[in-house]
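The chain contents come next:
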Amino acid sequence: MSSTSVEPLVKLAELPDRGRALVAARPIKPGEILLSDAPLILYPASASAAAAACSRCFRSLSSPSSAPIRCPSHCSASPAASSFCSARCLASHSPNLCLALSRLPASLPSELLSPSLFLLGAYDLAVASPSDFLRLLSVHGTAAADVDAPALHSLLSSVLPSPPSGFSLELTATLLAKDKANAFGLMEPFDGGDRRVRAYGIYPNASFFNHDCLPNACRFDYVDHGGERNSDIVVRAIHDIPEGREVCLSYFPVNWGYAERQRRLLEDYGFRCECDRCVVEKDWSDDDDDNDEREEEEEEGGGGGGGRNGRG
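To start, this report covers the structure provided alongside it. Note that the structure is a prediction, hence the values are computed from the model and not measured.

Regarding its fold elements, the protein chain presents 10 helices and 12 strands. Long-range pairs, those at least 24 residues apart, make up 70% of the contacts in the protein chain with a sequence separation of at least 6. Accessible surface, the protein chain as shown: approximately 14,600 Å² in total, 52% of it carbon and sulfur.

What follows concerns the pattern of salt bridges. Counted under the stated rule, the structure contains 13 salt bridges. Between Arg 18 and Glu 246 there is a salt bridge, with the nearest N and O atoms lying 3.0 Å from each other. Taken together, the residues Arg 18 in the loop between strand 1 (10–15) and strand 2 (19–24) and Glu 246 in the loop between strand 11 (233–237) and strand 12 (248–249) connect sequence positions 228 residues apart. In this structure Glu 246 comes out as buried when scored by relative accessible area, which is 13%. Across the salt bridge formed by Glu 267 and Arg 263, the nearest N and O atoms sit 2.8 Å from each other. Of the two residues, Glu 267 and Arg 263 are both situated in helix 8 (residues 258–269); the distance of four residues between them amounts to about one turn of the helix. Residue Arg 263 is classed as partly exposed on the basis of its relative accessible area of 36%. A single salt-bridge network, built from bridges that share partners, covers Lys 180, Arg 264 and Asp 268.

Here we take up empty space enclosed by the protein. Enumeration according to the criterion identifies one cavity of 30 Å³ or more in this entry. As for the largest cavity, its lining consists of Asn 96, Leu 97, Ala 100, Leu 120, Tyr 123, Asp 124, Val 127, Leu 160, Pro 161, Ser 162 and Pro 164. Put simply, the parts of the chain that give the lining of the largest cavity at least two residues each are helix 3 (95–103) and helix 4 (110–128). Of all the elements, helix 4 adds the most residues to the lining of the largest cavity, at four residues. Partitioned by chemical class, the residues of the lining of the largest cavity number eight nonpolar, two polar and one charged.

Before going further, it helps to examine the state of the cysteines. Covalently bonding the sulfur atom of one cysteine to the sulfur atom of another cysteine gives a disulfide. One pass over the structure, following the stated rule, counts zero disulfides. Of all cysteine sulfurs in the structure, the one in Cys 85 sits closest to Cys 54, which takes part in no disulfide; the separation is 3.7 Å. Classification of Cys 54 by relative accessible area gives buried; the value is 0%. Cys 213 takes part in no disulfide bond, and the closest cysteine sulfur to it belongs to Cys 278, at a distance of 3.6 Å.

Right, let's get into the packing of aromatic side chains. For any pair of aromatic rings, geometry is given as the distance between the ring centres together with the angle between the planes. For the structure shown, the criterion picks out eight aromatic pairs. Residues Phe 184 and Tyr 203 carry aromatic rings whose centres are separated by 6.0 Å and whose planes lie at 85° to one another, so their mutual orientation is edge-to-face. Of this pair, Phe 184 sits in strand 7 (residues 183–187) while Tyr 203 sits in the loop between strand 8 (197–202) and strand 9 (210–211), and the two are 19 residues apart along the sequence. For the pair shown, Phe 184 and Tyr 203 are each scored as buried. For the ring pair Tyr 269 and Phe 271, a centre distance of 6.4 Å and an interplane angle of 55° mean the geometry is tilted. Residue classification places Tyr 269 among the buried positions, given a relative accessible area of 9%. Members of the aromatic cluster, each reached through a chain of ring pairs, are Tyr 43, Phe 118 and Tyr 200.

Basis of the calculations
- Residues numbered from 1 in each chain as written.
- Predicted model: local features only at pLDDT ≥ 70, side-chain atom pairs only at ≥ 80, totals over all residues.
- Heavy atoms only, no water.
- Helix = DSSP H or I, 4+ residues; strand = E, 2+ residues; numbered from the N terminus.
- Contact = heavy atoms within 4.5 Å.
- Areas by Shrake-Rupley, 256 points an atom, 1.4 Å probe, with all protein chains shown as cover.
- Salt bridge = Lys/Arg side-chain N within 4 Å of Asp/Glu carboxyl O.
- Buried < 20%, exposed > 50% of the residue type's maximum accessible area, 1.4 Å probe, protein only.
- 1 Å grid on protein atoms, 1.4 Å probe; cavity = no way out; pocket = protein on both sides within 12 Å on 5 of 7 lines; lining within 4 Å.
- Points joined across faces, edges and corners; volume = space filled by probe spheres on them.
- Nonpolar A, V, L, I, M, F, W, Y, C, P; charged D, E, K, R; others polar.
- Disulfide = S-S within 2.5 Å.
- Phe/Tyr/Trp six-rings, centres within 6.5 Å; stacked < 30°, edge-to-face > 60°.

Take a look at the structure:
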C-alpha cells in the first residue's frame, strides 16, 4: 500500500537533540486533523488475528453480511492462511508472497511468526514497489536485540521463492530495526476489557512524530469502518498548538507511571525521556505512580491500546 504525503498542517524539521520531527506549520486548533497516513506494510499481530481478519486491509471477517474469500492458491495451508474481505483485496495479493507464506512451517513459534510476516511483507515490497521500500529504509531504526535476526534470515532464505536484490542478513537486521522503532498497532474494537492489537503497520509519515509523555496530539484508527482507507491512521490535535511547536504523540498509554515509561523507552527506543512531566515525576515514589494510575483508571474506566512498541 502506498502512503499519503504529509498534510500541510505539519511539516518536517530538524530539531536540536530531537532529530527529524514534525512541527506545526501554522497555529492549530484542538481536534484538527494533522495527518492521515496509509501504511507501507501491514501484518497480523498473531495467528489468531490473521485468521479473523482480511489479510490485506485487516478488516474483521466476522461480518454476517458476507463470507470471507479464501485464497485459492498456495497459502491456504499457511499458519497465517490468507482470507480476504473483498475481491479487490484478493486481487492485490502478491503471488510471491503467497508462495512464501505456504512454505512457512506450521510449527513456527509464535514469537517468530509476526516478525517473519513483517519481513516477508518488506521483501515483497522491495520487488513490488522499490520506491516504497526505500521509504521504509529511510525511517529511523532501533537495534532489535530481542529478535533473533540470524534465525529469521535463515527462515526467509528457505521460504522466499526468489530473494530480491540485496537480500542479506545485514538487510534483514536493518528491516527488523525499522519495525521495532516504527510499528503502530491497529486495535480490536473496545469491548469493555483489555484492547488487543489486531495488526501492525509501518506508516512512513507518522513515524516522524517524536514521543512526549504529555502529548499534544493523538492518533486514531478505524480498521473496521467501510471504504478503501480503513487501514489509514489519523492524527488529531488534542489542544492548541502554536506555529513552529513540535507535535508529539505518546508511544504508549498516558496513564503509565514514570518508571514503566522510562524502562519502555530505554528498551525499545534507546533514550530516556526528559519531558516536563518526567522532570516533575522522577522524584515521585512508586506508590505515588500506583495511586495515580488507579485514580485515573477509576475516572476513565480503564485504558488500553498499544503497538509493537507501545504506540497506543
